[in-house]
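The lines below spell out each chain.
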Amino acid sequence: MRLAFAAVALLTAGAAAAATLDLPGVYGSPEGCKYLKDQTLWEEAVTVLTSTQYKDFVTECEYVQVLPASDGSRIVTMLCQQELDVQTVEIVRVVKTPNGDAYRLFNAEGGRLAELSACPT
């Protein structure tokens with residue numbers, strides 16, 4: 001009985017820990033980078049990608065799983081909170097651009113969501 005309880009406790013503790021995306025900095029649209037810097041601008045064009053979250057004008061997502069793909073991209077499962085308290089689970093593919101200065105995000109169906117450049121430090 002104690003072993004079963006310990007296994008459940010370990011699973012629960014593991015589930016509570018958020019996943020992280022290994023990024024060399026923060027990335028965003030020009031408006032998103034400005035928002036990250038001063039936290040005052042909030043426009044429809046705001047999109048940001050950090051090691052712990054994806055955020056746009058209506059959605060804020062935390063990563064719950066990050067998996068590497070054989071092509072070097074990463075598959076990210078996210079728990080997202082949208083306007084009006086709607087929660088969804090989203091899967092995106094994060095791909096580093098050939099020049100390495102930006103990341104492209106694609107939805108589960110392969111549609112391009114965004115290309116986000118490195119924000120100035």
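Whatever comes next refers back to the structure up there.
Residues numbered from 1 in each chain as written. Predicted model: local features only at pLDDT ≥ 70, side-chain atom pairs only at ≥ 80, totals over all residues. Heavy atoms only, no water.

Caption draft 1: Summary view of the nonpolar core. In terms of nonpolar packing, the biggest core is built from 17 residues, with L49, Y63, M78 and V94 touching the most fellow members. Among the secondary structure elements, those contributing two or more residues to this core are strand 4 (59-68), strand 5 (74-82), strand 6 (86-96), strand 7 (102-107) and strand 8 (112-118). When residues of this core are assigned to their parent elements, the largest contribution, three residues, is made by strand 5. (Core = buried A, V, L, I, M, F, W, Y, C linked by side-chain atoms within 4.5 Å. Buried < 20%, exposed > 50% of the residue type's maximum accessible area, 1.4 Å probe, protein only. Helix = DSSP H or I, 4+ residues; strand = E, 2+ residues; numbered from the N terminus.)

Caption draft 2: View of the pairing of strand 6. Taken together, the nine bridges between strand 5 and strand 6 define a ladder with antiparallel strand orientation. Within strand 6, the position partnered with C80 by the bridge is T88. Taken together, strand 5 and the strand that follows it, strand 6, pair antiparallel across an intervening segment of three residues, in which L84 is found at a positive phi of about 65 degrees. The pairing of strand 6 with strand 7 spans five bridges and is antiparallel. When the sheet's bridge partners are listed, V92 is paired in strand 7 with N107. Taking the residues that link successive antiparallel strands as the turn, the strand 6-strand 7 hairpin has five residues, and the phi of G100 there is positive, at about 80 degrees. (Pairing = 2+ DSSP bridges.)

Caption draft 3: Examining a nonpolar patch on the surface more closely. A cluster of nonpolar side chains, contributed by V64, L79 and V89, occupies part of the molecular surface with about 240 Å² of accessible area. Residue position: V64 is located in strand 4. With a relative accessible area of 43%, V64 lands in the partly exposed category. (Patch = residues over 30% accessible without salt bridge, like charges linked within 9 Å, V, L, I, M, F, W, Y side chains within 5 Å. Areas by Shrake-Rupley, 256 points an atom, 1.4 Å probe, with all protein chains shown as cover. Salt bridge = Lys/Arg side-chain N within 4 Å of Asp/Glu carboxyl O.)

Caption draft 4: Geometry of the pattern of salt bridges. If you walk through the whole model with that rule in mind, you get five salt bridges. Among the ionic contacts, a cluster of salt bridges with common partners joins R104, R112 and E115.

Caption draft 5: Representation of the environment of C80 in the model. Mapped onto the fold, C80 is located in strand 5. Sequence separation between C80 and Q53 is 27 residues, and the spatial gap between their C-alpha atoms is 9.5 Å. Leave out the neighbours within four places in its chain, and C80 touches T59, E60, C61, V86, Q87, T88 and E90. (Contact = heavy atoms within 4.5 Å.)

Caption draft 6: Quick look at the state of the cysteines. Tallied over the entire structure, the rule returns two disulfides. Between the sulfur of C33 and that of C119 lies a disulfide, 1.9 Å long from S to S. Between C33 and C119, the disulfide has an S-S torsion of -80 degrees and is therefore left-handed. With C33 in helix 2 (residues 30-38) and C119 in the segment after strand 8, this pair connects stretches of sequence that are 86 residues apart. (Disulfide = S-S within 2.5 Å.)

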